[in-house]
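Analysis of the macromolecular model
Chain residues, written in single-letter form:
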Amino acid sequence: MSADVLNLKCRGCGASITISDTVCKYCGGPVAISTFTSVNSLPLPLVNKYANSYRKDLQTNPNDVGANKATAYCYLKLKMYDKALECFEKAVEDNFDDSEVYFYAAICCLKGQKAFLLQRPEINKIEEFLNAATMIEPKGIYYYFWAYIKYDYFRRKFLNTIPNCEEMLKIAEQLQVSDIDKMNLFQILNVENPFN
């Protein structure tokens, strides 16, 4: 009787890892990417290696929620917004109760541009994603991002919207959005924070 041995390798450097490892002993990278934070501080060449590794997983199992999310986070870090959005949308199909997937999908819709430059259908899609995220889990950073959309698109185009930017900011503050979350958001968005 032969036993199959599971041979685990780091997605970043290819070194052998154990099932209990969360960080590779050799390259220091995460064993698995499960949040944007886990990929955000990695250098871009390493992020590309992770993306390639997860893409291979998706070739054999395109409905793997974890691989879709991880690939989406990698693409977002690489500023490949359309590909990231495609992966986030696939992850939503198979796991519709993850608020962060909706939040980051909304970020991808901006494509590294100011909200002011988008067309209304794109803004509507962002608001749909943010509405879904806040219904699942109301986080201050979600409302802070939504306040930015209300400010940069609606206010700057002199369009009325309810709730407005100030009301969204109040909700964000009530939910205790942190300064670090605000800074990270606008770093990902690649635009200046108009509320500073």
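Per chain, residue numbering runs from 1 following the sequence as it is written. Restriction of local features to residues with pLDDT of at least 70 applies here, the model being predicted, together with a cutoff of 80 or more for giving and counting side-chain atom pairs; totals for whole chains, interfaces and linings are based on all residues. Excluding hydrogens and water, the side-chain values take into account all heavy atoms of the structure.

Looking at the overall build of the chain
Rules: The helix count covers DSSP runs of H or I at least four residues long, the strand count covers runs of E at least two residues long, and both are numbered beginning at the N terminus. We call two residues contacting when some pair of their heavy atoms lies within 4.5 Å. Residue-level accessible areas treat just the shown protein chains as cover; the underlying method is Shrake-Rupley with a 1.4 Å probe. The charge count includes Lys and Arg as positive and Asp and Glu as negative, but it does not include His or the ends of the chains. Working definition for charges: the position is that of NZ of Lys, CZ of Arg, CG of Asp or CD of Glu.
Within the chain, the secondary structure is distributed over nine helices and zero strands. Starting at the N terminus and ending at the C terminus, the chain contains elements arranged as α-α-α-α-α-α-α-α-α. With respect to the three principal axes, the spread of C-alpha positions in the chain is 70 × 30 × 30 Å. Here the contacts in the chain between residues at least 6 apart in sequence split such that 56% fall between residues at least 24 apart. Taken as a whole, the chain presents about 10800 Å² of accessible surface, with 52% of it coming from carbon and sulfur. With 22 positive and 23 negative side-chain charges, the chain shows a separation of 6 Å between the mean positions of the two kinds.

Let's talk about helix α6 (residues 120–136)
Rule in force here: Take the residue count of a helix, subtract one, and multiply by 1.5 Å to get its expected span. For every residue, the accessible area (1.4 Å probe, protein chains only) is compared with the maximum for its type, and the residue is labelled buried under 20%, exposed over 50%, or partly exposed between those bounds.
In a regular helix each residue adds 1.5 Å, so 17 residues correspond to 24 Å; α6 covers 24 Å between its end C-alpha atoms and thus fits that length. When we look at burial in α6, the residues that qualify are Ile 123, Ile 126, Glu 127, Phe 129, Leu 130, Ala 132, Ala 133 and Thr 134. Contact partners of the buried residues in α6: α4 (81–94), α5 (99–110) and α7 (140–155).

Concerning the environment of Glu 128
You can see Glu 128 is positioned in helix α6. What makes Glu 128 exposed here is its relative accessible area of 56%. For Glu 128 and Phe 195, which are 67 residues apart along the polypeptide, the C-alpha to C-alpha distance reads 23 Å.

What about the pattern of salt bridges?
Close approach of charged atoms lets side chains of opposite charge pair. Short version of the rule: Between Lys or Arg on one side and Asp or Glu on the other, a salt bridge is scored when a side-chain nitrogen of the former is within 4 Å of a carboxyl oxygen of the latter.
In the structure shown here, the tally under the stated rule is eleven salt bridges. Linking Asp 82 and Lys 111 is a salt bridge whose minimum nitrogen-to-oxygen distance equals 3.3 Å. Of this pair, Asp 82 sits in helix α4 while Lys 111 sits in the loop between α5 and α6, and the two are 29 residues apart along the sequence. Here Lys 150 ties to Glu 127 by a salt bridge, and the two come within 3.4 Å at their closest N and O atoms.

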